[in-house]
Amino acid sequence: MKEEFALPYADRRAKERGYEDYRIVYREFMIPANGMLKFQGYNELWFVIHIDWGLIVKSDYGRYDNWYAQGIVENTHEHGDRIEIMNTRKYQRKIRFLQVILKIKDDGSKT
(Lines give C-alpha, C1' and ligand atoms only; values in the text may rest on other atoms or scores of the structure.)
Protein backbone atom coordinates (compact mmCIF):
# COMPACT_ATOMS: atom_id res chain seq x y z
CA MET A 1 0.00 0.00 0.00
CA LYS A 2 1.21 3.49 -0.65
CA GLU A 3 2.27 5.67 2.27
CA GLU A 4 -0.50 8.22 1.62
CA PHE A 5 -3.04 5.48 2.18
CA ALA A 6 -1.15 3.69 4.97
CA LEU A 7 -0.96 6.67 7.37
CA PRO A 8 -4.72 7.33 7.73
CA TYR A 9 -5.41 3.61 7.58
CA ALA A 10 -2.95 3.00 10.45
CA ASP A 11 -4.72 5.63 12.55
CA ARG A 12 -8.09 3.98 11.91
CA ARG A 13 -6.78 0.47 12.65
CA ALA A 14 -5.20 1.59 15.93
CA LYS A 15 -8.47 3.18 17.04
CA GLU A 16 -10.44 0.09 15.99
CA ARG A 17 -8.25 -1.92 18.34
CA GLY A 18 -8.93 0.55 21.18
CA TYR A 19 -5.65 2.50 21.14
CA GLU A 20 -5.68 6.28 20.98
CA ASP A 21 -1.89 6.56 21.36
CA TYR A 22 0.62 5.00 19.00
CA ARG A 23 3.99 5.70 17.48
CA ILE A 24 4.87 5.33 13.80
CA VAL A 25 8.32 4.12 12.75
CA TYR A 26 9.57 3.48 9.23
CA ARG A 27 11.51 0.21 8.92
CA GLU A 28 13.51 -1.02 5.96
CA PHE A 29 15.09 -4.45 5.71
CA MET A 30 17.49 -5.90 3.18
CA ILE A 31 16.88 -9.64 2.84
CA PRO A 32 19.93 -11.55 1.56
CA ALA A 33 19.74 -13.85 -1.46
CA ASN A 34 17.53 -16.86 -0.65
CA GLY A 35 17.46 -15.56 2.92
CA MET A 36 14.83 -15.23 5.59
CA LEU A 37 14.08 -12.78 8.38
CA LYS A 38 11.85 -13.65 11.34
CA PHE A 39 10.77 -11.29 14.10
CA GLN A 40 7.93 -10.66 16.52
CA GLY A 41 5.59 -7.70 16.26
CA TYR A 42 3.17 -8.23 19.12
CA ASN A 43 1.09 -5.18 20.03
CA GLU A 44 2.17 -3.65 16.73
CA LEU A 45 0.81 -3.30 13.22
CA TRP A 46 3.16 -3.62 10.25
CA PHE A 47 2.08 -2.25 6.85
CA VAL A 48 4.06 -3.07 3.71
CA ILE A 49 4.72 0.19 1.85
CA HIS A 50 7.41 -1.12 -0.54
CA ILE A 51 8.32 -4.66 -1.51
CA ASP A 52 10.75 -5.94 -4.13
CA TRP A 53 9.67 -8.69 -6.48
CA GLY A 54 10.26 -12.21 -5.18
CA LEU A 55 9.67 -11.53 -1.49
CA ILE A 56 7.02 -13.34 0.53
CA VAL A 57 5.69 -11.96 3.83
CA LYS A 58 3.82 -14.28 6.20
CA SER A 59 2.42 -13.45 9.60
CA ASP A 60 -0.39 -14.42 11.93
CA TYR A 61 -2.48 -11.91 9.93
CA GLY A 62 -1.97 -13.61 6.56
CA ARG A 63 0.39 -13.85 3.61
CA TYR A 64 1.54 -11.38 0.97
CA ASP A 65 3.22 -12.96 -2.03
CA ASN A 66 4.78 -10.47 -4.46
CA TRP A 67 5.08 -12.89 -7.37
CA TYR A 68 2.21 -11.81 -9.57
CA ALA A 69 2.08 -8.03 -9.17
CA GLN A 70 5.18 -5.88 -9.10
CA GLY A 71 4.94 -2.80 -6.94
CA ILE A 72 2.23 -2.07 -4.44
CA VAL A 73 -1.46 -2.63 -5.12
CA GLU A 74 -3.85 -0.40 -3.17
CA ASN A 75 -5.19 -2.86 -0.64
CA THR A 76 -4.30 -3.84 2.86
CA HIS A 77 -0.90 -5.39 3.47
CA GLU A 78 -1.19 -5.56 7.24
CA HIS A 79 0.92 -7.89 9.35
CA GLY A 80 1.53 -8.51 13.03
CA ASP A 81 2.52 -10.93 15.78
CA ARG A 82 4.99 -13.43 14.25
CA ILE A 83 6.34 -12.08 10.96
CA GLU A 84 8.47 -13.98 8.47
CA ILE A 85 9.97 -12.52 5.28
CA MET A 86 11.42 -14.89 2.68
CA ASN A 87 13.53 -13.93 -0.31
CA THR A 88 12.94 -16.46 -3.11
CA ARG A 89 15.47 -14.85 -5.45
CA LYS A 90 19.24 -15.18 -5.73
CA TYR A 91 19.76 -11.45 -5.28
CA GLN A 92 19.38 -9.25 -2.21
CA ARG A 93 15.89 -7.71 -1.95
CA LYS A 94 14.38 -4.80 0.00
CA ILE A 95 11.15 -4.37 1.93
CA ARG A 96 9.88 -1.26 3.69
CA PHE A 97 7.26 -1.17 6.44
CA LEU A 98 5.27 1.40 8.32
CA GLN A 99 5.42 0.07 11.90
CA VAL A 100 2.65 1.20 14.26
CA ILE A 101 3.55 0.62 17.90
CA LEU A 102 0.36 0.62 19.96
CA LYS A 103 0.71 2.36 23.33
CA ILE A 104 -1.36 2.60 26.46
CA LYS A 105 -1.44 5.94 28.27
CA ASP A 106 0.97 4.93 31.05
CA ASP A 107 3.39 2.50 29.41
CA GLY A 108 6.49 4.29 30.70
CA SER A 109 7.83 5.17 27.26
CA LYS A 110 8.68 8.65 26.03
CA THR A 111 6.40 10.17 23.41
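Worth saying up front: this structure is predicted, and the values here are computed from it rather than measured.

Enquirer: Would you explain the pattern of salt bridges in this entry?
Expert: Any two side chains of opposite charge can pair, given that their charged atoms come close. Counting across every chain of the model gives 8 salt bridges. Here arginine 13 and glutamate 16 are joined by a salt bridge, their closest N and O atoms 2.8 Å apart. With arginine 13 and glutamate 16 both in helix 1 (residues 3-16) and 3 residues apart, the pair spans about one turn of that helix. Residue arginine 82 pairs with aspartate 60 through a salt bridge whose shortest N-O separation is 3.0 Å. Separated by 22 residues along the polypeptide, arginine 82 in strand 5 (residues 78-87) and aspartate 60 in the loop between strand 3 (55-59) and strand 4 (62-65) bring together distant segments of the chain. Take aspartate 60: its relative accessible area is 39%, and that puts it in the partly exposed class.

Enquirer: Even after reading the chapter, I still don't get the packing of aromatic side chains, so can you show me in this structure?
Expert: When we look at a pair of aromatic rings, we describe it by the centre distance and by the angle of the planes. The final tally for this structure, using the stated rule, is 7 aromatic pairs. The interplanar angle of 35 degrees and the centroid separation of 5.5 Å between the aromatic rings of phenylalanine 29 and phenylalanine 39 together place this pair among those described as tilted. Pair noted here: phenylalanine 29 is in strand 1 (residues 21-31) and phenylalanine 39 is in strand 2 (residues 36-51), with a separation of 10 residues, a long-range link. When the ring of phenylalanine 39 is compared with that of tryptophan 46, the centres are 4.8 Å apart and the planes differ by 55 degrees; the resulting orientation is tilted. Three or more aromatic residues joined by ring pairs form one cluster here, namely Phe29, Phe39, Trp46 and Phe97.

Enquirer: Help me understand the sheet that holds strand 3, please; the structure alone is not making it clear to me.
Expert: Two modes of strand pairing occur in sheets, parallel and antiparallel, and in both the strands are linked by backbone hydrogen bonds. Taken in spatial order, the 6 strands line up as 1-6-2-5-3-4 in an open sheet, and their pairing is antiparallel. This sheet does not close on itself; its edge strands, each paired only once, are strand 1 and strand 4. Strand-to-strand twist in this sheet, taken as the mean axis angle between neighbours without regard to direction, amounts to 35 degrees. As judged from the 4 bridges shared by strand 3 and strand 4, these two strands associate in the antiparallel manner. Bridging across to strand 4, lysine 58 finds its partner in arginine 63.

Enquirer: Can you walk me through unusual backbone geometry in this structure?
Expert: For residues besides glycine, phi is generally negative; the peptide bonds are generally trans as well. The backbone of asparagine 34 sits at a positive phi, close to 50 degrees, despite the residue not being glycine. The exposure class assigned to asparagine 34 is exposed, which follows from its relative accessible area of 54%. For aspartate 81, which is not glycine, the phi dihedral falls at a positive 65 degrees. Residue placement: aspartate 81 occurs in strand 5.

Enquirer: Any chance you could explain helix 1 here in plain terms?
Expert: Spacing of three or four residues puts side chains on the same side of an α-helix, whose turn is 3.6 residues. Between the first and last C-alpha of helix 1 there are 20 Å, a value that for 14 residues agrees with the 20 Å anticipated at 1.5 Å per step. Within helix 1, burial applies to Ala6, Tyr9, Ala10, Arg13 and Ala14. The inward-facing, buried residues of helix 1 contact strand 1, strand 2, strand 5 and strand 6 (93-103). Glycine 18, located one to two residues past helix 1, shows a positive phi value of around 90 degrees.

What counts and what doesn't
Residues numbered from 1 in each chain as written. Predicted model: local features only at pLDDT ≥ 70, side-chain atom pairs only at ≥ 80, totals over all residues. Heavy atoms only, no water. Salt bridge = Lys/Arg side-chain N within 4 Å of Asp/Glu carboxyl O. Helix = DSSP H or I, 4+ residues; strand = E, 2+ residues; numbered from the N terminus. Buried < 20%, exposed > 50% of the residue type's maximum accessible area, 1.4 Å probe, protein only. Phe/Tyr/Trp six-rings, centres within 6.5 Å; stacked < 30°, edge-to-face > 60°. Pairing = 2+ DSSP bridges. Axes fitted to C-alpha atoms, helices over the stretch in contact; angles between N-to-C directions. Expected span 1.5 Å × (residues − 1). Contact = heavy atoms within 4.5 Å.

Function-wise, these values are silent; they only describe arrangement.
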